[in-house]
Amino acid sequence: MKEPGRARSHRMQAANGQLQQLIDIIALRASTAGVAEVQGVEDALRFVVDRICSHTGWPVGHVYMPAPDSEDEYVSAGIWHLEDAAALEQFRKATEQTRLNGDVGLPGRMLSSGRPAWVVDVAQEPGFPRAAAAKSAGLKSAVAFPIQAGERTGAVVEFFSREVMEADEQLMEAMVSIGTELGRAFERSREKSMAQQAAELYRSVVETSPDAIMVTDLNGRVLMCNQPAATHHGAEGPEAMLGLSGFDFVAPEDRERAVENARRTLETGSVRNVEYTLVRRDGSRIPAELSASLIRDPEGQPRAFIAVVRNISERKQSEDALRKSEEKFRTLTEMNAAATFVFKRGRLVYANSAAGAMTGYTVEELLAVDPWKTVHPDFRERLQRAWRATFEHTDQPPPSGFEVKIVRKGGEERWVEYSADLVEWEGSRAVLGTAYDVTERKEAEKALRDSEERYRVLYQDNPSMYFTVDATGSVLSVNQFGAEQLGYTPEELAGTPVLEVFYEEDKEEVARQLQLCIETPGKMAHWEFRKVRKDGEVIWVKEAARATLDANGELIVLIVCEDITERRRMEEELRKAREELEGKVERQMQLGRAYGLTFRELTVLHLVAAGNSDREMADKLGISPLTVSKHVANILSKMSASSRSEASARAVREALLV
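Residues numbered from 1 in each chain as written. Predicted model: local features only at pLDDT ≥ 70, side-chain atom pairs only at ≥ 80, totals over all residues. Heavy atoms only, no water.

## Some details on the overall build of the chain
Stage number 1. Check the secondary structure of the chain and you find 22 helices and 20 strands.
Stage number 2. Burial statistics for the chain: of 658 residues in total, 39% are counted as buried.
Stage number 3. Sequence-distant contacts, at least 24 apart, represent 49% of the contacts inside the chain between residues at least 6 apart.
Stage number 4. Summed over its atoms, the accessible surface of the chain is roughly 36200 Å², and 51% of this surface lies on carbon and sulfur atoms. (Helix = DSSP H or I, 4+ residues; strand = E, 2+ residues; numbered from the N terminus. Buried < 20%, exposed > 50% of the residue type's maximum accessible area, 1.4 Å probe, protein only. Contact = heavy atoms within 4.5 Å. Areas by Shrake-Rupley, 256 points an atom, 1.4 Å probe, with all protein chains shown as cover.)

Structure representation (structure tokens):
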């Protein structure tokens, strides 16, 4: 039997009054409890659900909360008021298996509107997902209201009755008020949680930071600091730092700048990466880097400074070591005749003056220009491909040990011999390369390969002795003139050890010089040794040699040989004549009849008397004609002679030349 309308109205008014009392209780709890943890909010929700069901007589109260794995869906929070748990078990299971969004069910409608929602009869409600379970449990009307927590709905509270009830605006407004009060509790809970998390994070950062962290008042007095800050300044602990002036820890020469930076922090809000020298209590010094920010109160007024100070001793030592290393590198490369450069990320980051000279650019121009512009187009693509592979694959070495053609600034083409290796440059991989200009060598090699006729002119028909020797010292070839000079045919010498034609006493030194030449390809070597002709005659030769690669890539030694036997014979005769002359002079010097002439002047007098010119005397004595002329002038002065003829005649007459 249905309850009369008047009685039902009185009961609802009574319930509304009780709800208002509930609102007042919730507000009182929210204002006096402070900020609660999440568990406290859940307790508040249980309190609300139980109290509303008790005051209204509704058999079911339930809470939905945001799904932890979705931003748009809500799931059962497990907070229930069930008048008869056994009879309502199937409805409870159906509810806890239902995920709601803005399009599903009663809470879904409420989520879409943001306002309480009322369903007169859930069995007749289109799209109500738990309609069958509600009907089976004897549930009729339903009402739900949201609890806002910031911009998102923090929870949805729903109730079910066993009677069909029309919407009651006064009751819905009461629920809006309840939702508002609970939303404030949610918000305060969230704020407290965030504040606690922030405080915990701040404490963790300060306590675990390897850097010194210090908070000072606006006058620089220490309000708090961590252990690294105390350690930086030689204090036992943070407590010993409190009340001290942070400026006292700054070296005197930096103190004025520190005060100025504090003023700038007060004006701009922060300073970053400022370097100071700090003075510890024991007087020792450490280089440090400081970053500081201004702390303001809730009204925006400056209250304190917070500074992070980092000991940069190791960094400074590393920077100093790096600077010295770079200075040594640059000194060595600038002294090096080879072009030296560093290639990184598609551009040159270093080049020495030899690299500029080789390419025709200044060093500044070379660092600014596209480096591939200096590589001849015929070689550019292959070299680019090899270098890309080097930087993309750590196990791929840079292209090295080959010859490439370059284009100078003015358009001239030159050949260079290039080598490279991977290095660390300013924290990442780079290529260190060196190059030598080998244009002349390449041109000479090309000339030798161009034609057999040119080879015959330069090699076979040349009036100099040409030998080609392999890396083991065996004769590969000798030109006709060279073979004839030694009394052999070219065929007789081919394939024999080149040492066989050298004088026995010279062979060891010849072998050493030849090996040194082989070990330094491209470098010219010069020597003078004796060779033995086929008939046993010994001749002196002057040789120029250089190791290079032949057309097949094999190492060979090219030797150009000149017969200097006549020159050596003349030098020997000149040596004997000089010794004979000096012997005569020594005898005259011993007799003491030389007008006070020096040994050299008396030697010149002998040559003057023999009719030699100044040039001839200079060649025989190994001095300049000007020096000879000075000696002659001294002789004439000491002998009081008016001419060379008079001095010569007197020397003969007085037996000074015997």
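And the narrative resumes.
## As for the packing of helix 19 (residues 599-609) against helix 21 (residues 625-639)
Stage number 1. Between helix 19 and helix 21, the shortest axis-to-axis distance is 9 Å and the interhelical angle comes to 95 degrees. The angle between helix 19 and helix 21 falls in the class roughly perpendicular. On helix 21, the residues touching Arg600, Glu601, Val604, Leu605 and Val608 of helix 19 are His631, Val632, Asn634, Ile635, Lys638 and Met639.
Stage number 2. Per-class residue counts for the contact of helix 19 with helix 21 are 6 nonpolar, 2 polar and 3 charged. (Axes fitted to C-alpha atoms, helices over the stretch in contact; angles between N-to-C directions. Parallel < 35°, antiparallel > 145°, perpendicular 65-115°, else oblique. Nonpolar A, V, L, I, M, F, W, Y, C, P; charged D, E, K, R; others polar.)

## Here we look at helix 19
Stage number 1. Within helix 19, 8 of the 11 residues are buried, leaving the element largely enclosed by the surrounding structure.
Stage number 2. Along helix 19, the residues that are buried comprise Glu601, Leu602, Thr603, Val604, Leu605, His606, Leu607 and Val608.

## Looking at the pattern of salt bridges
Stage number 1. For the structure shown, the criterion picks out 38 salt bridges.
Stage number 2. For glutamate 412, the salt bridge goes to arginine 414, with nearest N and O atoms at 3.3 Å.
Stage number 3. Of the residues examined, arginine 414 reaches a relative accessible area of 15% and is grouped as buried.
Stage number 4. Where arginine 615 meets aspartate 619, a salt bridge forms, and the shortest distance between an N and an O atom there is 3.9 Å. Of this pair, arginine 615 and aspartate 619 both sit in helix 20 (residues 614-621), 4 residues apart, which is roughly one turn of the helix.
Stage number 5. Residue aspartate 619 is classed as partly exposed on the basis of its relative accessible area of 48%.
Stage number 6. Three or more residues joined by partner-sharing salt bridges are found here, namely Arg408, Glu412, Arg414, Asp437 and Glu440. (Salt bridge = Lys/Arg side-chain N within 4 Å of Asp/Glu carboxyl O.)

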